[in-house]
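Geometric and topological summary
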Amino acid sequence: MNRPPLSPDQIAAGRRLGVALRAARGDRSQAEIALAAGISPETLRKIEGGRLPTPAFGTVVCLSEVLGVPIGELAEIWLTATPETVGR
């Protein structure tokens with residue numbers, strides 16, 4: 001079964017999520033956060049860089065817990081349209 005390609009809005013949402021997670025990580029290393037969340041540092045690099053725009057829900061929940069960011073806040077970031085994505 002092939003997965004349909006992501007829409008521009010989904011890609012933009014993934015980038016926003018990555019930026020927010022990177023900001024929440026602050027000075028802590030990717031390896032430290034990734035291991036605490038039960039994912040690989042490479043997976044966290046991809047999420048933060050927007051190269052993995054639709055991470056698994058469980059991954060986002062674990063990152064939320066480790067970073068101390070409410071999951072609702074991350075959902076809001078995902079759902080918030082930016083001027084460049086409105087009307088697509």
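All figures in this text were calculated on a predicted structure; none of them were measured in a lab.

Here's the deal with the nonpolar core
Counting residues in each nonpolar core, the largest one holds 13 residues, and the members touching the most others are Leu 21, Ile 39, Leu 44, Leu 63 and Leu 74. Those elements giving two or more residues to this core turn out to be helix H1 (8-25), helix H2 (30-37), helix H3 (41-48) and helix H4 (57-67). When neighbours within four sequence positions are excluded, Leu 74 is seen to be in contact with Leu 17, Leu 21, Val 60, Ser 64 and Val 69.

Some details on H1
Here H1 is 18 residues long and its end C-alpha atoms lie 26 Å apart, about the 26 Å a rise of 1.5 Å per residue gives. Residues of H1 that are buried include every one of Ala 12, Ala 13, Gly 14, Arg 16, Leu 17, Gly 18, Ala 20, Leu 21 and Arg 25, and no others. On its buried face, H1 is in contact with H2, H3, H4 and helix H5 (71-79).

What about the pattern of salt bridges?
Summed over all chains, the structure comprises 3 salt bridges. The shortest N-O distance in the salt bridge between Glu 48 and Arg 25 comes to 2.8 Å. Placement of the pair is Glu 48 in helix H3 and Arg 25 in helix H1, with a sequence separation of 23 residues. Residue Glu 48 is classed as buried on the basis of its relative accessible area, which comes to 12%. For Arg 25, a relative accessible area of 8% puts it in the buried group. Taking the shortest distance from any N to any O, the salt bridge between Arg 45 and Glu 42 comes out at 3.0 Å.

The rules behind these values
Residues numbered from 1 in each chain as written. Predicted model: local features only at pLDDT ≥ 70, side-chain atom pairs only at ≥ 80, totals over all residues. Heavy atoms only, no water. Core = buried A, V, L, I, M, F, W, Y, C linked by side-chain atoms within 4.5 Å. Buried < 20%, exposed > 50% of the residue type's maximum accessible area, 1.4 Å probe, protein only. Helix = DSSP H or I, 4+ residues; strand = E, 2+ residues; numbered from the N terminus. Contact = heavy atoms within 4.5 Å. Expected span 1.5 Å × (residues − 1). Salt bridge = Lys/Arg side-chain N within 4 Å of Asp/Glu carboxyl O.

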